[in-house]
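# Observations on chain architecture
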Amino acid sequence: MVVLHTVLLIGILLFALTWVQGAWAGPPTDQLRSGVERVIKILRDPELKGDAKANERTAAVNKVADEIFDFGETAKRALGQHWAQRTAAEREEFVRLFTALLQRTYISKVDQYNSEMTFQDDVVDGNQAVVRTTLLLGKGSEMSLDYRMHHPRDRWQVYDLSIDGTSLVANYRSQFNKIVRTESYEGLVARLKSREVGFAAPAAGPSGAKSAR
C-alpha cells in the first residue's frame with residue numbers, strides 16, 4: 001500500500017512543493033491553485049525556516065487552510081446522521097475538535113513532503129464543483145485526487161477529498177457512526193479530545209499502480 005500519511009499530507013491540502021500546469025479550468029481550480037501558491041510562499045520563506053519557527057510556520061499554513069477548506073461543512077458531513085441531534089454548542093465543539101484532528105494529523109506536517117501535482121480540470125454544477133488533479137508519486141506511479149468544493153459565501157471551498165475514489169468524509173463518517181452506535185456521542189467526543197486515540201486514514205491504491213482516469 002502507498003504510505004497513507006505521505007499521500008494525505010500532500011493530497012488533502014494540495015500543499016505539494018511543486019506543481020504542473022494542467023488543462024484549463026475555471027474559478028474553483030483557480031482559487032485552489034492560488035491557495036497552493038500562498039502555502040508554497042510560506043514554506044519557502046527563509047524567515048520561517050527551521051524548528052524554532054515551526055509553530056509560526058504552522059499557524060501561517062493553518063490560516064490559509066481555513067480559507068481553502070470549509071472545515072465546518074466537512075465536520076458536519078463526517079458526523080452524518082448524528083449532526084441533526086446535536087445542540088448548537090455541541091456542533092461548535094465538534095467542528096473545533098474535528099478541525100484540530102485534521103490540523104494535528106496532516107497540516108502540522110505538511111512541510112515534510114515534496115511531490116508534483118497536475119491540475120486536470122473541474123466540473124461545476126451550480127454551487128458545487130469537483131476539481132480533478134493527479135498526484136505524481138515517483139517511479140511512474142500516480143494517484144487521482146478529486147477535490148469536492150462548494151460556494152457557500154464569497155469563494156469556493158473544499159469540503160471533501162476523494163483519493164483514488166475513496167472519500168475522506170465517508171471514511172471518517174463510517175468510523176464516527178460506529179463509535180456513536182457502539183458507545184455514545186460523548187464517547188466519540190472523548191476520543192477526539194484524546195491525542196492518544198487515532199482514527200484510520202482512508203485507504204489508497206496500490207503503490208506503483210496508475211490511477212484510472
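These remarks concern the structure in this document. (Residues numbered from 1 in each chain as written. Predicted model: local features only at pLDDT ≥ 70, side-chain atom pairs only at ≥ 80, totals over all residues. Heavy atoms only, no water.)

## Let's talk about the nonpolar core
Note the cut-off: We call a set of buried residues a nonpolar core when its members are Ala, Val, Leu, Ile, Met, Phe, Trp, Tyr or Cys and they connect through side-chain atoms within 4.5 Å of each other. Exposure classes here rest on a 1.4 Å probe applied to the protein chains alone. A residue is buried below 20% of its type maximum, exposed above 50%, and partly exposed in between. Put simply, DSSP H or I for four residues or longer makes a helix, DSSP E for two residues or longer makes a strand, and each gets a number counted from the N terminus.
Counting residues in each nonpolar core, the largest one holds 45 residues, and the members touching the most others are Phe 94, Phe 98, Tyr 172, Phe 176 and Leu 188. With six residues, helix H2 (residues 27-43) is the largest single contributor of residues to this core.

## Description of the packing of aromatic side chains
Stated formally: Aromatic pairs are defined between Phe, Tyr and Trp rings, using the six-membered ring for Trp, whenever the two ring centres lie within 6.5 Å; interplanar angles under 30 degrees are classed as stacked, those over 60 as edge-to-face, and all others as tilted. In our convention, an over-ring charge means Lys NZ or Arg CZ found within 6 Å of a ring centre and within 35 degrees of that ring's normal.
In total, this model carries seven aromatic pairs according to the counting rule given. With 6.4 Å between their ring centres and 40 degrees between their planes, Phe 94 and Tyr 185 make a pair best called tilted. Of this pair, Phe 94 sits in helix H5 (residues 88-105) while Tyr 185 sits in helix H7 (residues 185-193), placing them 91 residues apart in sequence. On the accessibility criterion, Phe 94 (0% relative accessible area) is buried. By the ring-pair criterion, three or more aromatic residues cluster together here, those being Phe 94, Phe 98, Tyr 172, Phe 176 and Tyr 185. Lying across the ring of Phe 119, Arg 33 places its NZ or CZ 4.8 Å from the centre. Across the ring face of Tyr 185, the terminal group of Arg 86 is positioned such that the distance to the ring centre comes to 3.8 Å.

## Quick notes on the side chain of Glu 73
The condition that has to hold: Whenever two N or O atoms come within 3.5 Å, that pair is a polar contact, provided that in protein one can donate a hydrogen and the other can accept it, and provided that, for residues adjacent in sequence, both atoms are side-chain atoms. Any two residues having at least one pair of non-hydrogen atoms within 4.5 Å are treated as being in contact.
Mapped onto the elements of the fold, Glu 73 is located in helix H4 (residues 71-79). The exposure class of Glu 73 is buried, given its relative accessible area of 17%. Looking at Glu 73, its side chain comes within polar contact range of the side chain of Arg 77, at 2.8 Å. Once residues lying within four places of it in the same chain are set aside, the contact partners of Glu 73 are His 150 and Tyr 159.

## With respect to the packing of H2 against helix H3 (residues 54-68)
Basically, it comes down to this: All axes are obtained by fitting lines to C-alpha atoms, using only the stretch in contact for helices, and the reported angles, taken between N-to-C directions, cover 0 to 180 degrees. The labels follow the angle: roughly parallel below 35 degrees, roughly antiparallel above 145, roughly perpendicular from 65 to 115, and oblique for the rest. Side-chain classes follow a simple rule in which Ala, Val, Leu, Ile, Met, Phe, Trp, Tyr, Cys and Pro form the nonpolar group, Asp, Glu, Lys and Arg form the charged group, and the remainder, Gly included, forms the polar group.
Where H2 contacts H3, the axes come no closer than 10 Å and their chain directions differ by 175 degrees. Of the possible angle classes, the one that applies to H2 and H3 is roughly antiparallel. Of H3, the residues touching H2 (which contributes Leu 32, Gly 35, Arg 38, Val 39, Ile 42 and Leu 43) are Arg 57, Ala 60, Val 61, Val 64, Glu 67 and Ile 68. Of the residues belonging to the contact of H2 with H3, the class tally is eight nonpolar, one polar and three charged.

## Description of the pairing of strand E5 (residues 157-163)
Our working rule: Here, a strand pair is defined by DSSP locating no fewer than two bridges between the strands.
E5 sits mainly inside the fold: seven of its seven residues count as buried. One ladder, built from six bridges, connects strand E4 (residues 141-150) with E5; its direction is antiparallel. Its bridge partner lying in E5, Tyr 147 is registered against Leu 161. The turn linking E4 back onto E5 is made up of six residues. From the end of E5 to the start of strand E6 (residues 166-167), which pair antiparallel, there are two residues, and Asp 164 there has a positive phi angle of about 50 degrees.

## Structural notes on the environment of Phe 176
Its place among the elements puts Phe 176 in helix H6 (residues 168-182). Here the alpha-carbon distance between Phe 176 and Phe 199, two residues 23 residues apart in the chain, equals 9.2 Å. Other than its neighbours up to four places away in sequence, Phe 176 contacts Ala 78, Leu 79, Phe 94, Phe 98, Leu 188, Leu 192 and Phe 199.

## What to know about unusual backbone geometry
Phi angles above zero are rare outside glycine, and Asp 164 is one such case at about 50 degrees. Locating Asp 164 in the fold gives a position in the loop between E5 and E6. On the basis of relative accessible area, Asp 164 is assigned to the partly exposed category, the value being 29%.

## Considerations on the pattern of salt bridges
Selection criterion: Here, a salt bridge means any Lys or Arg side-chain nitrogen found within 4 Å of an Asp or Glu carboxyl oxygen.
Going through the model one piece at a time under the given rule, you end up with ten salt bridges. Among the ionic pairs, Glu 93 bridges to Lys 193, the shortest N-O distance being 3.2 Å. Remark: Lys 193 occurs in helix H7 and Glu 93 occurs in helix H5; sequence separation between them is 100 residues. In this structure, Asp 154 and Arg 155 form a salt bridge, with 3.2 Å as the shortest nitrogen-oxygen distance. Taking relative accessible area as the criterion, Asp 154 reaches 61% and is therefore assigned exposed. A relative accessible area of 27% means that Arg 155 is categorised as partly exposed.

## Focus: H6
Basically, it comes down to this: The span you would expect from a helix comes to 1.5 Å times its residue count less one. Think of the arc as the fan of directions from the helix axis to the C-beta atoms.
Taking 1.5 Å of rise per residue, 15 residues should cover 21 Å, and H6 covers 22 Å from first to last C-alpha, within 8% of that figure. Those residues of H6 that sit buried are Leu 168, Val 169, Asn 171, Tyr 172, Gln 175, Phe 176, Ile 179 and Val 180. Relative to the axis of H6, the buried residues are bounded by an arc of 165 degrees and lie together on one face. Looking at H6, the residues exposed on the side facing more than 90 degrees away from the buried face are Lys 178, Arg 181 and Thr 182. Its side-chain oxygen at 3.3 Å from the backbone nitrogen of Val 169, Ser 167 defines the N-terminal cap of H6.

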